[in-house]
Amino acid sequence: MRDEQGFSRRSVIRGAGAAGAGLGLGGLATGRAAAADADAGSASGSTAAAPPPQGKTMINVPFEKRAKVRVGIIGLGNRGGGMIDLFLAIPGVQVTALCDPVKDKTEAAAKKVTDAGQPAPATYVKGDHDFEKLCERTDVDFVYVATPWDWHFEMAKSAMLNGKHVGVECPIAMELGQLWELVDLSEKTRRHCMQLENCCYGKNEMRVLRMAHEGLFGDLLHAAGAYNHDLRGLMFDPDYYEGPWRRLWHTRLKGDLYPNHGFGPTANYMDVNRGDRVTHISSFGTPALGLAEYRKANMPPGDPSFKETYIESDRTISLVQTAKGRVIRLEHDVSTPHPYSRINSLGGTKGVFEDYEPRIYLEPGHTDDKWHDFEEFASYDHWLWKEHANPPGGHGGMDYMMVFRVMQCMQLGLVPDFDVYDAVTWTSPVPLSHLSIKANGAPQEIPDFTRGLWKEKRSGVDSEKPA
């Protein structure tokens, strides 16, 4: 079936019972396991040649300048319920509409809006698809989506078809065909569709990015990023994720379910889509043992989780090749015990940076074969971190930096720091790493979502301070 815009309606998969939401919509259903091979597999053959464009590129397209940005938020769980505070903290931003099927969460978020001195927002709590009415409103300029992954594609699509710019939490979609459809929709509707990757705005990440652009690392050779985060307890906590929606993805895909936190910053270092592009990914995965062992040790007999069979590799390791021959290593592990790490490493002909804990070694200043203090290079901090030395919000302030910058670009009518091409590139390892692991590490071609325009140098997160 095709909708009125001429785009095929790929299934936004639901099933396995209404598992609810955690990061967002409380009552949304979970995805269908068959999505993985059927959709990723059928789409994988289309990577060699890009489909014909349905509109002009969105590269270097500025927002429409506006003094006030009116925001609608879909999903008010752990993530959306906290991020609303940051939107409310920015002058010239008004939260006009809220949506979550869990009425209590919507009411609590609405109270935050009125407590901030803004008019009461419209609220949408009538079931899984009430978000469509929010997207239809004429007093919303930007839709922020913080819901379970199953719904990201459909909500981004609804926002753009209703003339709204949209920012989506990670990952932006779960299927390769959906990624192409988001590109087509953004180009056709002339609306920006962004992956709101907060780690791109981390203080260390932005400092390394500026240092790379200043040539301190020499010619760039390799980078590494990850999401290694022990989530076992949270994934079996019915209150944190309000059901098993995130854990159930471990019954469907073998590959990297959450590449964006590592891939976004490293892609920025390498100027991916801005002078270089990623071409292939080869992925390898360990056996899936961690979640089953945790369940056996911690869940009571008869818990519904014992009906689940986990196939997601406890640790996935992917190697991504770029057109210039450089290599990015990505890792994902949320099922085994270890300290949190995004790795966040960059190396070139003049030296290397590694994070967790941050350390650096750069010639010609470092010649003693010992790691040095990264604070030696604090002068390279991005202007955002110089202006907002103690930002509010979580994750060390990177959430605020991201929201502030997106809203600033909208208010001033600037080109956003990242666009739909970055969003789908950073998410493409989700389906492609799964296919590669199933093919014993065989390389999978990463589409050129820019349709050849990656060769042009352009600005990104390493932005100039606006006048």
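Note that the structure is predicted; figures quoted are calculated from it, not measured.

Caption draft 1: Quick peek at helix H10 (residues 260–269). Burial runs high along H10: 10 of the 10 residues are buried. Positive backbone phi, approximately 55°, marks Asp271, located one or two places after H10.

Caption draft 2: Local environment of the pairing of strand S8 (residues 278–285). Bridge count for S8 against strand S9 (residues 316–322) is seven bridges, and the pairing is antiparallel. Residue His280 lies in a different strand from S9, and its bridge partner there is Gln321. With two bridges joining them, S8 and strand S14 (residues 444–445) adopt antiparallel strand pairing. Across the sheet, the residue bridging to His280 is Glu445, located in S14.

Caption draft 3: Highlighting unusual backbone geometry. Along the chain, Tyr356 connects to Glu357 via a cis peptide bond; the corresponding omega equals 0°. Note on placement: Glu357 falls in the loop between strand S12 (351–354) and strand S13 (359–362). That bond from Glu363 to Pro364 is cis: its omega, 10°, falls within 30 degrees of zero. Its place among the elements puts Pro364 in the loop between S13 and helix H12 (383–387).

Caption draft 4: The arrangement of helix H11 (residues 290–298) in detail. Within H11, the full set of buried residues consists of Gly290, Leu291, Tyr294 and Arg295. Down the axis of H11, the buried side of the element spans an arc of 130°, and every buried residue falls inside it. Exposed side of H11, more than 90 degrees from the buried face: Glu293, Lys296 and Ala297 are the residues found there. Packed against the buried residues of H11 are helix H8 (232–235) and helix H9 (245–248).

Caption draft 5: Summary view of the environment of Ala378. By the secondary structure assignment, Ala378 is in the loop between S13 and H12. Separated by 174 residues in sequence, Ala378 and Asn204 place their C-alpha atoms 9.4 Å apart.

Caption draft 6: Geometry of the packing of helix H6 (residues 176–189) against helix H14 (residues 420–427). For the pair H6 and H14, the least separation of the axes is 10 Å and the interaxial angle reads 175°. When the axis of H6 is compared with that of H14, the two are roughly antiparallel. Packed against H6, whose contacting residues are Leu179, Leu182, Val183, Ser186 and Glu187, the element H14 presents Val420, Tyr421, Val424 and Thr427 at the interface.

Caption draft 7: Structural context of the pairing of S13. When S12 meets S13, the two strands line up antiparallel, connected through four bridges. Along S13, the bridge assignment pairs Val352 with Tyr361. With antiparallel pairing between neighbouring strands as the criterion, S12 and S13 make up a hairpin whose turn holds four residues, including Tyr356 at a positive phi of roughly 60°.

Caption draft 8: Inspection of the sheet that holds strand S6 (residues 193–195) at higher detail. If you trace the six strands from one edge of the open sheet to the other, you get S3-S2-S1-S4-S5-S6, paired in parallel fashion. The open sheet terminates on both sides in strands that have one partner only, identified here as strand S3 (122–124) and S6. Direction aside, neighbouring strands of the sheet carry axes that sit 25° apart on average. Here strand S2 (residues 93–99) pairs with S3 via three bridges, running parallel. Residue pairing across strands places Leu98 opposite Thr123, the latter belonging to S3. Docked against the sheet, helix H3 (residues 103–115) engages S2 and S3, running at close to 165° with respect to S2.

Caption draft 9: Up close: the packing of aromatic side chains. Using the criterion set out here, one finds 17 aromatic pairs in the structure. When the ring of Phe87 is compared with that of Tyr144, the centres are 5.4 Å apart and the planes differ by 50°; the resulting orientation is tilted. Here Phe87 is found in helix H2 (residues 78–88), whereas its partner Tyr144 is found in strand S4 (residues 142–145), with 57 residues between them in sequence. Given the relative accessible area of 0%, Tyr144 is considered buried. Arranged with centres 4.8 Å apart and planes meeting at 50°, the rings of Trp180 and Phe449 form a pair that is tilted. You can see Trp180 sitting in helix H6 and its partner Phe449 sitting in the segment after S14, a full 269 residues away along the chain. Summarising the burial analysis for this pair, Trp180 and Phe449 share the class buried.

Reading the values: the criteria
- Residues numbered from 1 in each chain as written.
- Predicted model: local features only at pLDDT ≥ 70, side-chain atom pairs only at ≥ 80, totals over all residues.
- Heavy atoms only, no water.
- Buried < 20%, exposed > 50% of the residue type's maximum accessible area, 1.4 Å probe, protein only.
- Helix = DSSP H or I, 4+ residues; strand = E, 2+ residues; numbered from the N terminus.
- Pairing = 2+ DSSP bridges.
- Arc of directions from axis to C-beta.
- Contact = heavy atoms within 4.5 Å.
- Axes fitted to C-alpha atoms, helices over the stretch in contact; angles between N-to-C directions.
- Parallel < 35°, antiparallel > 145°, perpendicular 65-115°, else oblique.
- Phe/Tyr/Trp six-rings, centres within 6.5 Å; stacked < 30°, edge-to-face > 60°.

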